[in-house]
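# Structural overview for review
Below are the chains, spelled out letter by letter.
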Amino acid sequence: MMMGYSFRRVVWLTIFVFAACGDAGDEQAGGDATPATQSSDLRGAEGSAGSPGAGDAAGEVPLTIEIESGSDRAALSGTGKCTHTSEGWIYGAPAALWRVEDSDVDKKVYATLTVWRPKAGGPDQFTMALTTDGRQHAINTVKGGELVGSGTVEMHPTGQGAHFVVAGKDADGRSVRATFQCERFTEHVAEGG
């Protein structure tokens with residue numbers, strides 16, 4: 001893959017995730033595709049996974065992400081950001097929000113998932129952006145935004161955290177399955193606020 005093409009795709013994914021957040025004045029999930037690593041250790045896994053202080057210094061919590069697309073596989077574990085608010089907004093509509101993101105200086109794997117549960121009812125909506133081994137996978141099911149790919153998200157609460165399962169097809173029609181396991185959530189702070 002040509003370097004310029006790859007760079008444009010990463011920029012497009014960043015713009016795509018920002019656009020999915022809706023009107024700039026609304027308090028909602030902001031977000032860019034944030035970098036991750038394809039090793040067994042996400043950045044800064046300080047403390048033990050079960051201890052209350054694990055990852056607290058940087059607002060991070062124990063996090064595991066598994067990604068499958070065709071023969072591509074990536075398994076990540078360590079710490080990352082898992083945030084939640086029951087008072088979010090998506091395109092002017094109130095919605096509960098969960099956001100999961102992983103980052104690392106190696107920038108080999110990017111992983112971000114934002115899930116909205118509209119207070120008016122209906123299915124959960126989500127945006128997901130992943131990059132593994134130079135391949136990008138983007139899905140956006142948020143009504144009111146540009147739909148990209150297709151898929152479903154399931155959330156299974158576990159203690160103070162949750163396990164998310166995303167299954168679908170990305171913008172290029174490739175099948176993607178990803179799981180995100182957050183041990184617990186911290187309070188979500190809207191972009192710019």
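Only a predicted model underlies this, so the values are computations on that prediction, with no experimental measurement involved.

Criteria and thresholds
Sequence positions are assigned chain by chain, starting from 1 and proceeding in written order. The predicted origin of the model limits local features to residues at a pLDDT of at least 70 and limits the giving and counting of side-chain atom pairs to 80 or more, whereas totals for whole chains, interfaces and linings rest on all residues. With hydrogens and water set aside, each side-chain value is computed from the structure's full complement of heavy atoms. Ring pairs are drawn from Phe, Tyr and Trp, using the six-membered ring of Trp, whenever the two centres fall within 6.5 Å, and their geometry is named by plane angle: stacked under 30 degrees, edge-to-face over 60, tilted for the rest. The helix count covers DSSP runs of H or I at least four residues long, the strand count covers runs of E at least two residues long, and both are numbered beginning at the N terminus. Between buried and exposed lies partly exposed: a residue is buried under 20% and exposed over 50% of the maximum accessible area for its type, with that area taken using a 1.4 Å probe on protein chains only. Whenever a carboxyl oxygen of Asp or Glu lies within 4 Å of a side-chain nitrogen of Lys or Arg, that contact is scored as a salt bridge.

## Some words on the packing of aromatic side chains
Tallied over the entire structure, the rule returns one aromatic pair. Taking the centre distance of 6.3 Å and the plane angle of 85° together, the rings of phenylalanine 164 and phenylalanine 185 count as edge-to-face. With phenylalanine 164 in strand S9 (residues 161–169) and phenylalanine 185 in the loop between strand S10 (175–182) and strand S11 (186–187), this pair connects stretches of sequence that are 21 residues apart. Across the pair, exposure class does not vary: phenylalanine 164 and phenylalanine 185 are buried alike.

## Here's the deal with unusual backbone geometry
You will see that tyrosine 91, though not glycine, has its phi angle at about 50°, which is positive. Residue position: tyrosine 91 is located in the loop between strand S3 (72–90) and strand S4 (93–102).

## Considering the pattern of salt bridges
This structure, assessed with the given rule, holds seven salt bridges. Residue glutamate 101 is joined to arginine 99 by a salt bridge in which the shortest nitrogen-to-oxygen separation is 3.6 Å. When its relative accessible area of 18% is taken as the criterion, glutamate 101 is described as buried. Its salt-bridge partner being arginine 174, residue aspartate 170 comes within 2.9 Å of it at the nearest N-O pair. Residue aspartate 170 is classed as buried on the basis of its relative accessible area, which comes to 3%. Overall, arginine 174 belongs to the partly exposed group, its relative accessible area being 26%.

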